[in-house]
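# Summary of the model geometry
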Amino acid sequence: MNQLLAGGAALVLVVVLWGLGRRPGKTLLRSTDATSVAAINRAQLGLVQASLPQKDDENQTGSLADALDSAPFAPPVSIAERISLERRLRETMDQGNPDQRLEAVRVAGQWGHRSVLPLLRRGLRDADSLVVEAAASAIERHRGATRPSPVQLARPPRNIARMR
């Protein structure tokens, strides 16, 4: 009888705690009018679209773009020039200006060296859609089959037959 009483008390305790521990479910959008939320979103979208530069204003991008348009890109000749260009491209990508990041991705695409692939991959994840498009078009030439591994010129050791 003692065990039956203890089991019943435990069952009552579990039911009471389960009933007290439950929270009432929240109702979504009961107090919020969806039309006002949509109106706010449209207004914010209009402000963002108004602040974007138009296609006619491409000449206002800056002096780096003017320098690239005036002279064709010349790839670096020496190792020091290559390292300097890589460093400048990396520093330009680290800055917060989207126009400078776009120019860095364009220069990296014109150069086309394998060492700028991490920079172009980083451009694919950029917040600015123009930078993403430029990085995608620049990385396109690197897509495809990988390079074949170099042919082994030296003969394998004489005891290789024992390993097979």
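Here, the structure is the one placed above.
These lines cover the structure that appears in this document, whether it is placed above or below. What you see is a predicted model; the values in this text were computed from it and never measured.

Here is what the cut-offs are and how they apply
Residues numbered from 1 in each chain as written. Predicted model: local features only at pLDDT ≥ 70, side-chain atom pairs only at ≥ 80, totals over all residues. Heavy atoms only, no water. Helix = DSSP H or I, 4+ residues; strand = E, 2+ residues; numbered from the N terminus. Buried < 20%, exposed > 50% of the residue type's maximum accessible area, 1.4 Å probe, protein only. Contact = heavy atoms within 4.5 Å. Areas by Shrake-Rupley, 256 points an atom, 1.4 Å probe, with all protein chains shown as cover. Expected span 1.5 Å × (residues − 1). Polar contact = N/O pair within 3.5 Å; in protein donor to acceptor, adjacent residues only side chain to side chain. Axes fitted to C-alpha atoms, helices over the stretch in contact; angles between N-to-C directions. Parallel < 35°, antiparallel > 145°, perpendicular 65-115°, else oblique. Left-handed = near helix turned anticlockwise from the far one by under 90°. Nonpolar A, V, L, I, M, F, W, Y, C, P; charged D, E, K, R; others polar. Patch = residues over 30% accessible without salt bridge, like charges linked within 9 Å, V, L, I, M, F, W, Y side chains within 5 Å. Salt bridge = Lys/Arg side-chain N within 4 Å of Asp/Glu carboxyl O.

So, on to the overall build of the protein chain. Helix and strand counts for the protein chain come out as eight helices and zero strands. Element order for the protein chain, N to C, with α for helix and β for strand: α-α-α-α-α-α-α-α. Residues counted as buried form 16% of the 164 residues belonging to the protein chain. Of the contacts formed within the protein chain by residues at least 6 apart in sequence, a portion of 56% connects residues at least 24 apart. Accessible surface, the protein chain: about 13,900 Å² in total, of which carbon and sulfur atoms supply 57%.

A few words on helix α5 (residues 98-111). With 14 residues, α5 ought to run about 20 Å at 1.5 Å a step, and its terminal C-alpha atoms sit 20 Å apart, in line with that. Taken together, the buried positions of α5 are occupied by R101, L102, E103, A104, V105, V107, A108, G109 and W111. At the N-terminal boundary of α5, the capping side chain belongs to N97, with an oxygen 3.2 Å from the backbone nitrogen of D99. Positioned one or two residues after α5, G112 has a phi angle of 75°, which is positive.

We now examine the packing of helix α6 (residues 117-124) against helix α7 (residues 129-139). The angle between the axes and the distance between the axes are what describe a pair of packed helices. At a closest axis distance of 7 Å, the pairing of α6 and α7 adopts a crossing angle of 140°. On the basis of the axis angle, α6 is oblique to α7. Of the two possible hands of crossing, α6 and α7 adopt the one that is left-handed. Note on element contacts: α7 touches α6 through V131, V132, A135, A136, A138 and I139, opposite L117, L120, R121, G123 and L124. When its residues are assigned to classes, the contact of α6 with α7 shows nine nonpolar, one polar and one charged.

A few words now on a nonpolar patch on the surface. On the surface, V12, V16 and L20 cluster together into a nonpolar patch covering about 300 Å² of accessible area. Mapped onto the elements, L20 comes out in helix α1 (residues 2-21). Among the residues examined, L20 registers a relative accessible area of 68% and is labelled exposed.

A word on the pattern of salt bridges. Applying the stated criterion across every chain yields a total of five salt bridges. D94 is the partner of R122 in a salt bridge, and the nearest nitrogen-oxygen pair spans 2.7 Å. Linking R122 in helix α6 with D94 in helix α4 (residues 79-94), this pair joins segments that are 28 residues apart in sequence. Judged by its relative accessible area of 52%, D94 is exposed. The partner of R143 in a salt bridge is E140, with the nearest N and O atoms 3.8 Å apart.

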